[in-house]
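Here's the letter readout for the chains.
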Amino acid sequence: MAPKKKEEPKPAPAPKPPEPEPPKEPEFNPAEVKDAFQLFDRTPTNEMKITYAQCGDLIRALGQNPTNAEVMHVLGKPKAEEMQVKMLDFEQFLPIHQHICKAKDRGTFEDFVEGLRVFDKEGNGTVMGAELRHVLATLGEKMKEDEVEQLMAGQEDANGCINYEAFVKHIMAG
Amino acid sequence: MRINCSNRTSLKGRSMKAAILIQRWYRRYVAHLEMRRRYTWNIFQSIEYAGEQDQLQLSSFFSFMLDNVTQMNGNGPDLISHLLDSVVDPLTEEVRQLKYEQIVVSESYSGPRLSFPLSVTDTNALLSAFKEEQTLHGKYVLQLLYETKKFLKQMPNVIYLSTSYAKEITICGDLHGSLDDLLLIFYKNGLPSAENPYIFNGDFVDRGKKSTEIIIILFAFLLLYPDHMHLNRGNHEDHIMNLRYGFTKEVMQKYKTHGREILQLLQDVFSLLPLATVIDNKVLIVHGGISDKTDLDFLSTVERHKVVPFLDSFVSLEPPEPPREELEWQQVVDILWSDPKNQNGCSLNSFRGGGCYFGPDVTQALLQKHDLCLLIRSHECKQEGYELCHNGQVITIFSASNYYEEGSNRGAYIKLGPELVPRFFQYQVSRSTRKLTLHQRVRVAEGSALRALKEKLYAQRSELMAAFQQYDIDNTGRISTSEWAQVVESVLRLDLPWRTLRPRLARLSADGNVEYGSCFEDISPGEPIPPVTPNLAETLYRYRTDLEIIFNIIDKDHSGQISIEEFRQTWKLFTSHLGVAVNDQTIDDMARSIDFNKDGSIDFNEFLEAFRVVHKLDVKEQQQG
């Protein structure tokens, strides 16, 4: 009962169980966004609302990667104590998501590798794990210690070095 | 490293930029991981409830069989007696007791030897033995069950406890055969004793592999500390559920000689388990929940051992059941099967096939009626091991950690003192010595969930393809994502985020549409023996579990075999009930070819084993070593 298909070249079989697909161009399909929105709705009565604090996570889960500053900006710079309390419904979330989607400078694989190359003192494709930890915890939008731990888990070799191209693939695949 | 000033600033600037970039990507990674974790959970839960809905389908098949068996002029399998046969006990109590005492245990048996009445030595011996993976000899199991049955007979349906002497009572939820969780609870919280009373809120068995050990331990403590150990009945303390969800199989595998008798005794013991516990006249504890008809006073008068929660729903051989028995059955089923919901009202729980969905107003009404302040129940797996709802008036407590998959959820228990403020304690059993990262755990659980979901898709392949093709007028093999999601949702009837899941289940073509055939690519059927047409294979695959249950019922002496005639008749009935056209010749051929040794009987386990599926990617992984 196979449907008649045009002969189309099949994509090369994945070497492992299917990896999540790499980030695509932003899709404005509201139905898809709604599915994900529902997954994040933690209200006891399923009101289709999320907190301000969840907004960034949801946008990221949908494939974008804004900075925290960008998220706060698009939310209207809420105060810290409002983040867990103020809620957004689906209609309010959509335009916020669309705004982030339109922003330029998403950062590609190459940008990412470039960024890490900055810390590659010997130019040999590796960075010192310790240095990277330090940077992530002290510069930019600082990460907490356990966040750094989670990110770096299993990435360092016996000498405490990280092969950053592999590292980048690891992050981008997730 | 000497850097001059201008280099240093630009280096700092680049480092900053790099850090921000990495941090951004990291946060996206974590968010995506969280989403995967959540939909994995949703998948497991939906499939579990759908499985229980299949139970409803099974019961409708039984009704169909009963309706039609008379038309077969008594040539059909003697299913009526099989189904309705409550345990006929030709032996008197004294004779039974003597019979068990006379069972000889060989010298070479190195496990615990129980002596009744039990003492702490016995329970300690049992715990040590089970930690060492030993099995208790059938003789002692029979004696233990016999004593437990005697004990439970004199217990009321509803047990009233008090927290006097400033004692805290520990309340545990579903264990489902997970001995590791029980041992972990005892390790963290201490063994049951006069100073450390426990309530176990049902569903001790099924799904996990150590259900036998769990009930042995629980019953042993019950006999040892009758005033400080309490067991409520759950919906899985029921022999039909056990047929489907694994406990029967476990007993038969561990106890080849005495298994059948153990199962019969268990049937009695389960039916004698109390239905509810009340603490300080304020806290009600039941396994499932309540309905708007629940009344504790009425419940106290029910003859609980006569109520067969599952079967009675359709048995109607005698003239219409007296209304009182109908109500009794209803009340018991509600207690064992209901789930709370967020909206007001009380509606039938069609998902489970029994009991109700009860809203906050129903809870409020019941608590008020009996002057209670809290309802504690189990029955539903919760990520954190417990969950509050109905404005804190209902607590769900679930004690089987990693229920769906390694890392899926925590288990928890409650400690309640005289002030009646619950304290929650969580835990999680971990099998691996190497600590998995969050990413690895999510990946394992997700893989397992997706595999189960793909099997569901495969099981309904023809229906799905027919529905896909309705949208694919030009026969391109592609439809839009929305159409794909709509079809899958309506055919499978699982409330899942299909659009989010699509990348894991089906491929997109170059034009952005879904190649709907691709969702079946990962699965291939095993080699069915005897060979049958693909349609029949699919039907057999889909109803494998139901057939297993039916065969098990027919196979009264649990030998694993039924006669060819019984097989033929059952299969014929089943397929006609499903509306699947299978001609007599096909069935005869099938029956003949399964009877490998031509002795007129069929090993149905072997037969069903043939109708399973193989996940191609798993095979590939295995081949790559």
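Quantities reported herein were computed from a predicted structural model and do not represent experimental measurements.

Moving on: the overall build of chain B. The secondary structure content of chain B amounts to 23 helices and 21 strands. Taking contacts inside chain B between residues at least 6 apart in sequence as the whole, the part at least 24 apart equals 74%. Carbon and sulfur atoms provide 50% of the accessible area of chain B, an area that totals close to 27000 Å².

The subject of this paragraph is the overall build of chain A. Helix and strand counts for chain A come out as eight helices and four strands. Looking at the 174 residues of chain A, the share that counts as buried comes to 39%. A total accessible area of about 10000 Å² is found for chain A, and carbon and sulfur atoms account for 54% of it.

Residue and element names in this part refer to chain A. Running from amino to carboxyl end, helix α6 (residues 129–138) crosses helix α7 (residues 145–152) at an angle of 140 degrees, the nearest separation of the two axes being 10 Å. Judged by the inter-axis angle, α6 sits oblique to α7. Seen along the crossing, α6 lies across α7 with a hand that is right-handed. Each of G129, L132, R133 and L136 in α6 lies in contact with α7, whose residues at this interface are V148, E149, L151 and M152. Taken together, the residues of the contact of α6 with α7 break down into five nonpolar, one polar and two charged.

Using the criterion set out here, one finds 19 aromatic pairs over all chains in the structure. On the numbers, 5.3 Å between centres and 10 degrees between planes, the contact of Y413 of chain B with F425 of chain B is stacked. With a gap of twelve residues between them, Y413 of chain B in strand β13 (residues 411–416) and F425 of chain B in strand β14 (residues 423–427) connect regions that are remote in the sequence. Clustering of aromatic rings is evident, with ring pairs tying together W41, F44, F398, Y403 and Y404 of chain B. A cation sits over an aromatic face here: R38 of chain B above F40 of chain A, 4.7 Å from the ring centre.

If you trace the three strands from one edge of the open sheet to the other, you get β15-β17-β16 (chain B), paired in antiparallel fashion. Because the sheet does not close on itself, it has two edges, and the strands there are β15 (478–479) and β16 (507–508) of chain B.

To continue, consider the sheet that holds strand β1 (residues 158–161) of chain B. All names here are of chain B. The strand order across the open sheet built from six strands is β1-β5-β6-β10-β12-β11, with neighbouring strands paired in mixed fashion. Lying at the two open borders of the sheet, with one neighbouring strand each, are β1 and β11 (386–389). Between one strand axis and the next, the sheet turns by 20 degrees as a mean value, whatever way the strands run.

Let us look at the UniProt feature "domain: EF-hand" (unreviewed entry) in chain B. Mapped onto this structure's residue numbering, the UniProt feature "domain: EF-hand" (unreviewed entry) falls at residues 459–494, 542–577 and 582–617 of chain B. For residues 459–494 of chain B, the helix share is 67%, the strand share is 6%, and the end-to-end C-alpha distance is 14 Å.

A word on the environment of E446 of chain B. The residue E446 of chain B is located in helix α14 (residues 438–459) in this model. Look past the residues within four positions of E446 of chain B in its chain and what remains in contact with it is R36, Y39, T40 and R504 of chain B.

Further remarks concern the pattern of salt bridges. All names here are of chain B. What the rule picks out here adds up to 29 salt bridges over all chains. Across the salt bridge formed by R507 and E515, the nearest N and O atoms sit 2.9 Å from each other. Judged by relative accessible area, E515 falls into the buried class, the value being 8%. Here the residues in one salt-bridge network are D339, R377, E380, K382 and E387, joined through shared partners.

Attention now moves to the nonpolar core. Generally speaking, soluble globular proteins have nonpolar side chains that are buried together. Residue and element names in this part refer to chain B. Core analysis: the biggest nonpolar cluster contains 73 residues, and L136, F200, F219 and L266 have the highest contact counts within it. Looking at this core, the element that brings in the most residues is helix α7 (residues 211–224), giving ten residues. Setting aside anything within four residues of it in sequence, one finds L266 in contact with L145, I215, F219, F247 and V251.

A few words on the packing of helix α9 (residues 247–254) of chain B against helix α10 (residues 259–272) of chain B. Residues and elements named next belong to chain B. Running from amino to carboxyl end, α9 crosses α10 at an angle of 140 degrees, the nearest separation of the two axes being 9 Å. Accordingly, the angle class assigned to the pair α9 and α10 is oblique. The handedness of the crossing between α9 and α10 is right-handed. Within the contact between the two elements, α9 uses F247, T248, V251 and M252 and α10 uses G259, R260, I262, L263, L266 and F270. The residue makeup of the contact of α9 with α10, split by class, is seven nonpolar, two polar and one charged.

Reading the values: the criteria
Residues numbered from 1 in each chain as written. Chains lettered and ligands numbered in written order. Predicted model: local features only at pLDDT ≥ 70, side-chain atom pairs only at ≥ 80, totals over all residues. Heavy atoms only, no water. Helix = DSSP H or I, 4+ residues; strand = E, 2+ residues; numbered from the N terminus. Contact = heavy atoms within 4.5 Å. Areas by Shrake-Rupley, 256 points an atom, 1.4 Å probe, with all protein chains shown as cover. Buried < 20%, exposed > 50% of the residue type's maximum accessible area, 1.4 Å probe, protein only. Axes fitted to C-alpha atoms, helices over the stretch in contact; angles between N-to-C directions. Parallel < 35°, antiparallel > 145°, perpendicular 65-115°, else oblique. Left-handed = near helix turned anticlockwise from the far one by under 90°. Nonpolar A, V, L, I, M, F, W, Y, C, P; charged D, E, K, R; others polar. Phe/Tyr/Trp six-rings, centres within 6.5 Å; stacked < 30°, edge-to-face > 60°. Lys NZ or Arg CZ within 6 Å of the ring centre and 35° of its normal. Pairing = 2+ DSSP bridges. UniProt positions renumbered as here; feature names shortened; annotations may be inferred. Salt bridge = Lys/Arg side-chain N within 4 Å of Asp/Glu carboxyl O. Core = buried A, V, L, I, M, F, W, Y, C linked by side-chain atoms within 4.5 Å.

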